[in-house]
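# Geometric and topological summary
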Amino acid sequence: RTKERRCGVKRVWKQDTMPQEVDVLKISNDDAAFILGKSGRTKEKIARVSGAELDLFEQSLTLEIRGSEAERRRAKKYVECVMAQRVGPVTIDDDSEDDDLTVIQVPTEAVGFVTGSQGNFLRQVEEEWGTLMFFADFRGRGSGREGQTEKLAIFGPRRGRRGAQLKVMAAVETKVPNYFTGDSKPDEDDDQDEWGTKTLVLKPDELSYALGKKGMTRKKLAKSSGCIVEYVGYTVFMSGTREERTRAKEYLDWLFDQLKGPVYVDGWEERDDCTCVDVPQDCVGYVTGARRATLGKIEEEWGTLMFFMSTNMRARDREQQGRRDFDGSEKLAIFGSRRGRRGAELKVMSAVETKRPGYFTREIQKHTSEAEGFASDTFPMDESELSYALGKDGTTRRKLARASGCIMEYVGQVAFICGTMEERVRARTYLKWLLKQRHGSVYVDDLKDRDDVTVVPVPRDAIGYVTGNRGQSLRMVEEESGTFCFVEGGRGESEQLLIFGSVRADREVAERLINNLVNEKMREDNDRRRYDDRDYGRGGDRYDDRRRDDSRDRYGDRGDRRR
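Read on for an overview of the structure. Remember, it's a predicted structure, so these values are computed and weren't measured experimentally. Starting afresh in each chain, residues are numbered from 1 along the sequence in its written order. For a predicted model such as this one, the threshold for reporting local features is a pLDDT of at least 70, and the threshold for listing and counting side-chain atom pairs is 80 or more; totals across whole chains, interfaces and linings nevertheless cover every residue. Excluding hydrogens and water, the side-chain values take into account all heavy atoms of the structure.

## Side note on the overall build of the protein chain
Rule in force here: Runs of E in the DSSP output that reach at least two residues are strands. Runs of H or I that reach at least four are helices, and both are numbered from the N terminus. The buried label applies to any residue whose accessible area, calculated with a 1.4 Å probe on protein chains only, is under 20% of its type's maximum; exposed applies above 50%, and partly exposed to all values in between. Between two residues, a contact is recorded if the distance between any of their heavy atoms is within 4.5 Å.
The secondary structure content of the protein chain amounts to 20 helices and 22 strands. In the protein chain, which comprises 563 residues, the share counted as buried stands at 47%. When contacts within the protein chain are restricted to residue pairs at least 6 apart in sequence, long-range pairs at least 24 apart make up 66% of them.

Shown next as structure tokens:
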């Protein structure tokens, strides 16, 4: 590629692509450290919120910003705010053409509470919602409650800004009760808007139940409905599209209905957010767990809402049940996104299969779906294959699922592989490679044609160090990066380690960790060589002479007689 610099802007040409403009900012050494942040987190945060790519060159003290005109403009604005923080208060122009700003008034007595120790609370909110947040002064905007509040600027996409705003409102309400909810009406909804907010005022005992332990109930309502759900004082704020707000309100109502008795959802068959699993009555307690612990873990993992519906089923439900005795089972309703529901459903099926072997898999055979979209494949295994593919505490199964981007669950001895066709093909291929490793090395035929692999050359004498005792070091790399790694065989004297994963960023993490291990090994070898050269090289003769002299002094004549 060739580059052209003009007035602080580089235009980069890549083969078969349109020219991509790059803005170049000259920064100071102190600014560079501030923009980079601890472990590069601030730079990554600016890139994530703006949508631009940032490259910081510390030697030349330049920052390159790549992206569309809007992305570069936002990134430069955020960088200027970060640099301004270093020397004093941030001042923001209120006439920005970017629709990326929400301002919230924070009472002075709550500013420290909202900021947190060393800014930790604001950083947590930024991380959760993908935003940038600063206390700032504004040009061209009214001062509001002068001297009583400070303005908190929230930059980011609309959903992220609203989630962060409600988090801050909840924190302020804890410190200054009724600051935001003093004028709230019992029930409000922006029905006229596709995107809006619905509010609902709860009673004190209802709030405790709707919040759950460590906020788990609120989180599962938000994840399963796709709606932003936050409790500001005793008021529930539900923000999102009209469909998301409707779902969140329904789920919240069902939650409270369970306090009165079993709940049955009429018309669940026609809903596109519901899946039902028939659970044998003797497995209900096992699936639920002590004090609902097992169901709670599944809900947390897959972002779903789950409850057993009333056992007083209608006659049509009995007629729909074909291969199992309906009188001996209860319906478990799972609400959420399709991917979340399928993952939770397979978790439940796996638990039932543990108690009742063959209940779901007795008639299951190997099947590969031809559907391009979301579908399920099945892959039966024998006991030895299952044990190897499961791994200790299920670590191998989780590794394959995360690396492929696919849902993978073992129900009995059958692997259920669910996702798009691309995800399923990856998962099946990874599973086959894994099982082949039991009998020897694996050779990848289509390595050059794959877009899910990173090849890392490793010196032959460092392979053992990188893999570790019984592969322990490599397993740690896989767990930290969410990838599937192995040393390829069948290429003669060459040694190359293959990193597989659907997400490029995960593969880059694994590549960095592996290169660190290689460098550690090379440093150890170099240190050992220097030590050997010092003791046994040119100084070796002097060492031997000194040892002979010591022998004469120690043994004297006896030493002579021994000779």
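The rest of the description comes next.
## A word on helix H16 (residues 421-436)
Rules: Residue count minus one, scaled by 1.5 Å, sets the expected span of a helix.
Between the first and last C-alpha of H16 there are 23 Å, a value that for 16 residues agrees with the 22 Å anticipated at 1.5 Å per step. Most of H16 is tucked away, with twelve of its 16 residues classed as buried. Of the residues making up H16, those classed as buried are Met421, Glu423, Arg424, Arg426, Ala427, Arg428, Thr429, Tyr430, Leu431, Trp433, Leu434 and Leu435.

## Section: the sheet that holds strand E22 (residues 496-500)
In plain terms, the rule: Following DSSP output, two strands are said to pair if at least two bridges run between them. Here, axes are lines fitted to C-alpha atoms. For helices the fit covers the stretch in contact, and angles between N-to-C directions go from 0 to 180 degrees.
The strand order across the open sheet formed by three strands is E20-E22-E21, and the pairing between neighbours is antiparallel. On the outer flanks of this sheet lie strand E20 (453-457) and strand E21 (484-487), each paired with one strand and no other. The mean inter-strand angle of the sheet, taken between neighbouring strand axes irrespective of direction, is 20°. Here four bridges tie E21 to E22, and the two strands are oriented antiparallel to one another. In the sheet register, Val487 faces E22, and the bridge partner there is Leu497.

## Let's talk about the sheet that holds strand E19 (residues 414-419)
Spatially, the three strands line up as an open sheet ordered E17-E19-E18, and their pairing is antiparallel. Of all the strands in the sheet, just strand E17 (375-380) and strand E18 (407-411) have a single pairing partner and so form its edges. The mean inter-strand angle of the sheet, taken between neighbouring strand axes irrespective of direction, is 20°. Bridge count between E17 and E19: six bridges; the pairing is antiparallel. By the bridge assignment for E19, Ala375 is matched with Gly419. Together, E17, E18 and E19 form the strand contacts of H16, whose direction differs from that of E19 by roughly 150°.

## Re the pattern of salt bridges
Put simply, the rule is: The salt bridge criterion pairs a side-chain nitrogen of Lys or Arg with a carboxyl oxygen of Asp or Glu, the two atoms within 4 Å.
By the definition in use, this model includes 40 salt bridges. Across the pair Arg66 and Asp55 runs a salt bridge whose closest N-O atoms are separated by 2.6 Å. You can see Arg66 sitting in strand E5 (residues 62-66) and its partner Asp55 sitting in strand E4 (residues 53-57), a full eleven residues away along the chain. In this structure, Arg450 engages Asp446 in a salt bridge whose closest nitrogen and oxygen atoms are separated by 3.3 Å.

## Thoughts on the side chain of Lys399
Let me state the cut-off plainly: Think of a polar contact as two N or O atoms within 3.5 Å of one another; within protein, one of them needs to be a possible hydrogen donor and the other a possible acceptor, and neighboring residues in sequence only count if both atoms come from side chains.
Within the secondary structure layout, Lys399 lies in helix H15 (residues 395-404). A distance of 3.1 Å separates polar atoms of two side chains, one belonging to Lys399 and the other to Glu478. The contacts of Lys399, once residues within four sequence positions are left out, are Arg475, Glu478, Thr483 and Phe484.

## Structural notes on the environment of Ile514
Its location among the elements puts Ile514 in helix H19 (residues 504-536). Take Ile514: its relative accessible area is 0%, and that puts it in the buried class. For Ile514, the residues in contact, after removing those within four places along its chain, are Val456, Val458, Val466, Leu474, Val477, Leu497 and Ile499.

## Digging into the pairing of strand E15 (residues 305-308)
Neither face of E15 is left uncovered, since the one carrying Leu305 and Phe307 and the one carrying Met306 and Phe308 both have all their residues buried. Bridge count between E15 and strand E16 (residues 329-335): four bridges; the pairing is antiparallel. Along E16, the bridge assignment pairs Phe308 with Leu332.

## Topic: unusual backbone geometry
Positive phi values are uncommon outside glycine, yet Arg292 reaches one of about 70°. On the secondary structure map, Arg292 appears in the loop between helix H10 (284-288) and helix H11 (293-302). Since its relative accessible area comes to 28%, Arg292 is described here as partly exposed.

## Examining the nonpolar core
Short version of the rule: Only buried residues count toward a nonpolar core. Its members are Ala, Val, Leu, Ile, Met, Phe, Trp, Tyr and Cys residues joined through side-chain atoms within 4.5 Å.
Counting 28 residues, the largest nonpolar core has Val229, Tyr231, Val236, Leu252, Phe307, Met309 and Phe335 as the members making the most contacts within it. When contributions to this core are tallied by element, the ones reaching two or more residues are helix H7 (204-211), helix H8 (216-225), strand E12 (228-232), strand E13 (235-241), helix H9 (242-257), strand E14 (274-280), E15 and E16. A per-element tally of this core places H9 first, with six residues. Contact partners of Val236, with chain neighbours within four places excluded, come to Lys198, Thr199, Leu200, Leu202, Val229, Glu230, Tyr231 and Leu252.

## Some details on the environment of Phe135
Along the polypeptide, Phe135 turns up in strand E8 (residues 132-139). Relative accessible area serves as the criterion here: at 18%, Phe135 is assigned to the buried category. Sequence separation between Phe135 and Ile154 is 19 residues, and the spatial gap between their C-alpha atoms is 8.9 Å.

Keep in mind these numbers describe shape, not what the thing actually does.
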